[in-house]
Amino acid sequence: MSESEITACAPAKEHPLEKLGISVEVVRAFDWMGFKSLTGIQEKCIPLMMEGHDVIAIAPTGTGKTLGFGIPMLEYVNLDDPSVQEIVLAPTRELAQQIADELTNLAHFIKGLKIAVIYGGQPFAKQMRALERKPQVLVATPGRLLDHMERGNIRLSAVHTMVLDEADEMLKMGFIQDVEKIIEAADPNRQLVMFSATTNQDVLTVSWKYQHDPIEIVVQAEAENKPQITQYIIESDQKQKYDHLLYLLDADQYRRIMIFCNTKDMTARLCERLKKAGYSAECLHGDVRQSQRDKVMSGFRKGEFEILVATDVAARGIDVDDVEAVINYDLPDKQEFYVHRIGRTGRAKRAGVSFSLVSFRDSIRMDEILKYIRMEPIKLCFDEFGTLCRKDDGTPFMENA
């Protein structure tokens, strides 16, 4: 028997979602979206949610969390019921929109299923039109959802599953009272699923108060899930930071770059300075109007400009697969922000790099970050001729990057 005949006789390999009893429509969408296999978080979370368990999942960004909760959520929807049945809460408008887009793709072959997204900064009239279509799945930021609830526009009595995505960040941003009001407005027997990068006290408190015998899932960013990010520290005096930043930009090695600053003012000033110097750059921070934020994000995704300067909050939820380099112009105030920042690169199995410009007064802060990430980045410095070199052996960096 020939090899082709043997192949033809071999039984077809069962789809990983079919093993879990997932519907044909969702399986088709999974394939249509280009996925071949389940990630670790999906393998653990989907069956638990399908069995009706409350879940608290600790997982880093980039591990496929949205499909992990999205697939079972869509399986639950009763298409004959126009009530809101499934809710996802997200800390930022960007993340909310990203989740809604992915769920919409996942529901591509499910006729009659409606998904809406609501968040602050978007006109109420537009959101009312979306709600009038009677969506069964709703993605929202806490403040705007609560606002609609208080106006009588949304009722949660029929909610079957509620997901808190990036719960640690959402609660740290001051949404804990809003989140608790939203949870308490739903049926006490609803399913509550929480996704978090860390387990801080607020996350544990919400879990204790509102989850029923939750099952904890922990997924490490290892093996195929771990981003390929080479981290560098550049010794840079405060007065030299801008010049050292230009050195990296002028090396022409990176075309898609995110630069992080700690304040709105520094973000805006640095972006304007780069623009005046001829660089293709735009910025995102808390004072940027929603319409402009959407325009900037759309432009960055499409490659209309090369450099995005952002604060931590503005960058939450940014999901652009081809960012080549992340530069910490300012070191973040919190260790976990460092992880979120550099995690903007090294996505979709691409390699990425990160640079942190560290002055003498930043050294203690950097040491705290290194203890947190348990890694030792490669240290770089500028020699007497102004060439960026590895600190350990003096090798010119750009020649070996």
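Residues numbered from 1 in each chain as written. Predicted model: local features only at pLDDT ≥ 70, side-chain atom pairs only at ≥ 80, totals over all residues. Heavy atoms only, no water.

Asker: Quick rundown of the pattern of salt bridges? Include the residues and the values.
Answerer: One side chain can pair with another of opposite charge once the charged atoms of both are near each other. In the structure shown here, the tally under the stated rule is 15 salt bridges. The closest approach of N and O atoms between Arg 269 and Asp 265, which form a salt bridge, is 2.9 Å. In this pair, Arg 269 and Asp 265 are both assigned in helix α11 (residues 264-276), four residues apart and thus about one turn of the helix distant. You can call Arg 269 partly exposed: its relative accessible area is 47%. Under the relative-accessibility criterion, Asp 265 is labelled partly exposed at 48%. (Salt bridge = Lys/Arg side-chain N within 4 Å of Asp/Glu carboxyl O. Helix = DSSP H or I, 4+ residues; strand = E, 2+ residues; numbered from the N terminus. Buried < 20%, exposed > 50% of the residue type's maximum accessible area, 1.4 Å probe, protein only.)

Asker: Please give an account of the sheet that holds strand β13 (residues 351-358) that cites residues and values.
Answerer: Strand order in the open sheet made by the eight strands is β10-β11-β9-β12-β13-β8-β14-β15, with mixed pairing throughout. Edge strands, defined here as strands with exactly one partner in the open sheet, are β10 (281-284) and β15 (388-390). Pairwise comparison of adjacent strand axes, ignoring direction, gives a mean angle of 25° for this sheet. Bridge analysis of strand β12 (residues 325-328) against β13 gives four bridges, and the strand direction is parallel. In the strand pairing of β13, Val 326 is matched with Ser 354. Packed on one face of the sheet, α11 meets β9 (257-260), β10 and β11 (307-310) and runs near 170° to β10. (Pairing = 2+ DSSP bridges. Axes fitted to C-alpha atoms, helices over the stretch in contact; angles between N-to-C directions. Contact = heavy atoms within 4.5 Å.)

Asker: Can you lay out the pairing of β10 for me, pointing to particular residues and giving the numbers?
Answerer: Where β10 lies against β11, four bridges are found, and the strand directions are parallel. From the neighbouring strand, Glu 282 faces β11, where its bridge partner is Leu 308. Once the chain exits β10 it traverses helix α12 (residues 290-302) before rejoining the sheet at β11, and the crossover so formed is right-handed. (Right-handed = clockwise from strand over helix to strand, strands pointing away.)

Asker: Any details on the sheet that holds strand β1 (residues 55-58)? Residues and values, ideally.
Answerer: Sheet architecture is open: seven strands sit in the order β3-β4-β2-β5-β6-β1-β7, paired in parallel fashion. The open sheet has two free edges, formed respectively by β3 (115-118) and β7 (215-218), since each of these has just one partner strand. On average, each strand axis in the sheet is tilted by 15° relative to the strand beside it, whichever way the strands run. For β3 and strand β4 (residues 137-140), the ladder comprises four bridges, and the chain directions are parallel. Residue Ala 116 lies in a different strand from β4, and its bridge partner there is Leu 138. Lying over the sheet, helix α9 (residues 201-210) contacts β1, β5 (161-164) and β6 (191-196), oriented at roughly 170° with respect to β6.

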